[in-house]
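For reference, the chains in residue letters:
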Amino acid sequence: MKNFDPKAWFMPQAVIIIGTYDADGTPNAMNAAWAGQWDGDKIMISMGNHQTTVNLNANPDFTIAFATTETMVAADFVGVVSGKKVKDKVAKTGWKVEKGEHVNAPVFTDFPMTMECRIERKIDESATGYYIVAKIVNIRVKEEYLAEDGKPDLEKMHLLTFDPVHLGYLEIGKRVGNAFKDGTQLK
């Protein structure tokens, strides 16, 4: 085995798009990967000092859309272009925008699945950012991305994961097993 210096190579990392409103009501989007589940109905995101952070300081509501192969170029664009420098960068993506049903935040309807969220607490708040813990208020999934059981079908979504080692995006693949079942073969 080869050893490496400590790096943030935690994998896989979902590619998420955080949706907020600027002070004037303009939809804003930011690409992020440093996020994860906090509890059964909560998520955690590591936030730096971005326009999205400014927006979250004014309004605790936001949305999380999961980037896909089909949305990859525009999703990367909202990550490399700062909302502090480019006003209305969402317009350049061509995404359709609706107001959230349960939160005061934009929903980008080009994505198969969106979580409507509200900040519950901020951790280690400083001038360079903070960590947020947010409650999932609602989950919206387009009908064509539902499985036969009526729940989201992740294989249909072509979701992306961020490759922190080679700085790329990978499409999440096919189902290969059954959680909480396949391991019972070794009992």
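What this report covers is the structure whose coordinates are included nearby.

Next up on the list: the sheet that holds strand β12 (residues 168-171). Pairing is antiparallel in the open sheet, where three strands are placed in the order β1-β11-β12. Each edge of the sheet is formed by a strand with only one pairing partner; in this case those strands are β1 (13-14) and β12. Pairing between β1 and strand β11 (residues 160-163): two bridges, direction antiparallel. Pairing of Q13 across the sheet is with F162, part of β11.

Let's shift gears to the packing of aromatic side chains. Across all of its chains, the model carries four aromatic pairs by this definition. Members of the aromatic cluster, joined through ring pairs, are W95, F108 and F111.

In space, the seven strands of this open sheet follow the order β3-β2-β6-β9-β10-β5-β4, with antiparallel pairing throughout. Looking at the sheet topology across the chains shown, the edges are occupied by β3 (27-32) and β4 (35-39). On average, adjacent strands in this sheet sit at an angle of 35° to one another, irrespective of strand direction. Where strand β9 (residues 113-126) lies against strand β10 (residues 129-141), 11 bridges are found, and the strand directions are antiparallel.

Another point: the pattern of salt bridges. Considering all chains together, one arrives at 10 salt bridges under this definition. Residue K42 is joined to D41 by a salt bridge in which the shortest nitrogen-to-oxygen separation is 3.3 Å. Linking D110 and K96 is a salt bridge whose minimum nitrogen-to-oxygen distance equals 3.8 Å. Of the two residues, D110 is situated in the loop between β8 (106-108) and β9 and K96 in the loop between α3 (89-93) and β7 (97-99); the sequence distance between them amounts to 14 residues.

Reading the values: the criteria
Residues numbered from 1 in each chain as written. Predicted model: local features only at pLDDT ≥ 70, side-chain atom pairs only at ≥ 80, totals over all residues. Heavy atoms only, no water. Pairing = 2+ DSSP bridges. Helix = DSSP H or I, 4+ residues; strand = E, 2+ residues; numbered from the N terminus. Phe/Tyr/Trp six-rings, centres within 6.5 Å; stacked < 30°, edge-to-face > 60°. Axes fitted to C-alpha atoms, helices over the stretch in contact; angles between N-to-C directions. Salt bridge = Lys/Arg side-chain N within 4 Å of Asp/Glu carboxyl O.

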